[in-house]
Structure formats: structure tokens, C-alpha cells
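Working through the structure, step by step
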Amino acid sequence: MKRLFFLFLGMFLLTLPLMAQFNEKPVLNIENKDKKFLNYGYYLGFNQYDFKFDYKNNTPDVLVDKSFGFTVGLIGEMRINEFLDLRFEPGLAYNLRTLGFPGFDEERDALREVKSTYINFPLLLKVSTRRLGNFKPFIIGGGSASLNLGSNETSLDDNSSGTFRMTKWVYNYELGFGIDFYLEYFKFTPSIRGVFAITDELVPDVDPNSPWTGNIDAMRTRGLFINFTFE
């Protein structure tokens, strides 16, 4: 996932000189769009979640079968100056991950489905370049809190009964980049962002020697988001 993130970052940086060449004297669309103190919009997109595990002992890794999910949310933006904006982007992200635990002969014991519906609350700082005609590249980063509606944190059952448990609240930092495209009537923005949990999300099984969670010291989400924003 990190390699994919930095590959997109490299491609993004390589396109900057090309965009400048094609925008020497364009007709400017929605020229005053970014001069408002407050701006609003919404976004749609895709996500892919993974887990990073820290282990107590050197044993075979827990395998993660990743899939693509969907993301939808709203945007509230406060203009600080020409280059800086503060953004609040509450949204909902759904995803499914399947964990494969080593040391089991039966599939029903080895596999655990992790269905997650996150309500995300990111507070982000957007740092933009000067507008290049009808394009404006930017980088974005900040912190977020996520409420996992499918955490099973309060469940009395654990993996011995087939229930994988996670904490309800997760705290993350986010880093990303994108390009604002100024169209005739609105601003369209494709972007890519990495989301990295800083808190341990695992709720261990009751048995401290559990074959599922006994060797896991910490488990943290890693997410990749591809969003399409309309403002």
C-alpha cells in the first residue's frame, strides 16, 4: 500500500510541469470560487483497508485478504489565506477484510471476516500551490477519529465463538494529495489519501493464550482512499 501511495505521488509531481505548460493564458472558470471564507461540497470514492500487526513472538503472520469498499461524505472548508484551508470532512466508509490465522486445520477456525462501517471525522489542513489556470495541485494532512459501527467491542463472545472484536473508536493521521480542476460551474477534485491508525484496535480474547489474539501485541488499520470531490 505504501508503494502504491508513493507511486501516485511520483506521478503527481511529474505532471506539474506539464500542467503549467498548458495553462499559460486560459479562460478562468469560477474565478472567485476560492475567495469565499466558507465553502461546502461532498465527495464519493473508493477505499481499501489493511491491517498492520505487531507480534509478541516471531511466528507466521496473520494474512489479510483486502477488498475495495465505498466512501461518501460532506466537506466544510474555511479559507485561511490563498494557500491554506482548514477542512472538516465527515464521512462514511464501508469495507470488508478477511483475516487468515496460522496454525489451524479447519477453515472455520482459521478465517475471520471483519466487516467495518466507519464514520470518519477528519480535521485537515490543505496546502495548495498558486492556481495554474484552471488547475491547482495541493497536499493535505491532519488527524481524524473514526467510529467503527461493526467493532463488536462490547460482545461477550470472542474468537472461540467465532466473533472477532475491535475497539469502537480509532484515532488516525491522514496524508494525501490531489488536483483541483475548475470547471465551468463547479470545482472537481480527484485525490488520493493514506489513513494510518495510531491506536491499537484489537480487543483480545478472554484467554490470554488464545491462538487468535494471544501473540498479537497491537493491530492498526492502514487505509487507502481515492476520492472524487464536488464543490
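One can find the structure itself at the top, above this paragraph.
These remarks concern the structure in this document. This structure is a prediction, so every number in the text was calculated from the model and none was measured. Starting afresh in each chain, residues are numbered from 1 along the sequence in its written order. Confidence filtering applies because this is a predicted model: local features only for residues at pLDDT of at least 70, side-chain atom pairs given and counted only at 80 or more, and all residues used for totals across whole chains, interfaces and linings. With hydrogens and water set aside, each side-chain value is computed from the structure's full complement of heavy atoms.

With that settled, consider the overall build of the chain. What the chain contains, in helices and strands, is 2 helices and 10 strands. Numbering of helices and strands runs from the N terminus; a helix is a DSSP stretch of H or I covering at least four residues, while a strand is a stretch of E covering at least two. Taken from the N to the C terminus, the helices and strands of the chain come in the order α-β-β-β-β-β-α-β-β-β-β-β. Scored against the burial criterion, the 231 residues of the chain give a buried share of 44%. Accessible surface for the chain amounts to roughly 12500 Å². Of this, 62% is attributable to carbon and sulfur atoms. Residue burial is assigned from relative accessible area. The probe radius is 1.4 Å, only protein chains are included, and a residue is buried under 20% of its type maximum, exposed over 50%, and partly exposed in between. Calculation of accessible area relied on Shrake-Rupley with a 1.4 Å probe; when residues are assessed, cover is drawn exclusively from the protein chains displayed.

Further remarks concern the pattern of salt bridges. Salt-bridge detection follows one rule: a side-chain nitrogen of Lys or Arg within 4 Å of a carboxyl oxygen of Asp or Glu. Scanning the entire structure with this criterion turns up 12 salt bridges. A salt bridge links D34 to K187; the nearest nitrogen and oxygen atoms lie 3.0 Å apart. Linking D34 in the loop between α1 (2-21) and β1 (38-55) with K187 in strand β9 (residues 187-197), this pair joins segments that are 153 residues apart in sequence. Each member of the pair, D34 as well as K187, is classed as buried. Across the pair D54 and R220 runs a salt bridge whose closest N-O atoms are separated by 2.9 Å. Pair noted here: D54 is in strand β1 and R220 is in strand β10 (residues 216-230), with a separation of 166 residues, a long-range link. With a relative accessible area of 22%, R220 lands in the partly exposed category. Through salt bridges with shared partners, a single ionic network connects E77, R87, E89, E174, R193 and E231.

Here a pair means two rings of Phe, Tyr or Trp (six-membered ring of Trp) with centres within 6.5 Å. Their orientation is stacked below 30 degrees between planes, edge-to-face above 60, and tilted elsewhere. Per the counting criterion, the structure on display carries 14 aromatic pairs. Aromatic pair F53 and Y55: ring centres 6.0 Å apart, planes at 20°, arrangement stacked. The class for F53 is buried, based on a relative accessible area of 11%. Ring plane angle 45° and centroid distance 6.1 Å describe the contact between F186 and F230, whose orientation is recorded as tilted. Placement of F186 in the loop between β8 (169-182) and β9 and of F230 in strand β10 is noted, with a sequence separation of 44 residues between them.

Attention now moves to the nonpolar core. Counting 20 residues, the largest nonpolar core has F51, F53, L99, F164 and M219 as the members making the most contacts within it. With sequence-adjacent residues up to four places away left out, M219 is seen in contact with F51, K52, F53, F164, M166, T199, D200, E201 and L202. Take the buried residues of types Ala, Val, Leu, Ile, Met, Phe, Trp, Tyr and Cys, join any two whose side-chain atoms come within 4.5 Å, and each joined set is a nonpolar core. Any pair of residues with heavy atoms lying within 4.5 Å of one another is described as a contacting pair.

This part covers the side chain of E77. With respect to the helices and strands, E77 occurs in strand β3 (residues 68-79). At a separation of 2.5 Å, a polar atom in the side chain of E77 contacts the side chain of R87. Once you skip the residues sitting within four places of it in the chain, E77 turns out to touch F37, L38, N39, D85, L86, R87, K126 and E231. What qualifies as a polar contact is a pair of N or O atoms within 3.5 Å, subject to a donor-acceptor requirement within protein and to the restriction that residues adjacent in sequence count only when both atoms come from side chains.

Another point: unusual backbone geometry. The general pattern is negative phi for most residues beyond glycine and trans for most peptide bonds. A positive phi angle, close to 30°, is found at I30, a residue other than glycine. Its place among the elements puts I30 in the loop between α1 and β1. Using a relative accessible area of 23% as the deciding quantity, one classes I30 as partly exposed. Unlike most non-glycine residues, N152 shows phi in positive territory, near 60°. Examined against the element boundaries, N152 turns out to sit in the loop between β7 (135-148) and β8. Residue classification places N152 among the partly exposed residues on the basis of a relative accessible area of 38%.

A few words now on the pairing of strand β4 (residues 84-88). Side-chain alternation along β4 places D85 and R87 on a buried face and L84, L86 and F88 on a face that remains uncovered. Judged from the 4 bridges that link them, β3 and β4 form a sheet pairing that is antiparallel. For M78, the partnering residue across the bridge sits in β4 and is L86. Here, strands pair whenever DSSP counts at least two bridges between them. Taken together, β3 and the strand that follows it, β4, pair antiparallel across an intervening segment of 4 residues.

So, on to a nonpolar patch on the surface. The patches reported here contain residues having more than 30% relative accessible area and no salt bridge. Joining distances are 9 Å for like charges and 5 Å for nonpolar side chains (Val, Leu, Ile, Met, Phe, Trp, Tyr). A grouping of F37, L38, Y40, M78, I80, L125, V127 and I139 is seen on the molecular surface, where their side chains present a nonpolar patch of about 740 Å² in accessible area. Contributing elements (two or more residues each) for the nonpolar patch: β1 and β6 (111-128).

So, on to the pairing of β10. Relative to β10, β1 runs antiparallel, the two sharing 14 bridges. Opposite G45, over in β10, you have N227 as the bridge partner. With 9 bridges connecting them, β9 and β10 associate as antiparallel partners. Directly across from G194, in β10, lies its bridge partner L224.

The quantities given are spatial measurements derived from coordinates; they are silent on function.
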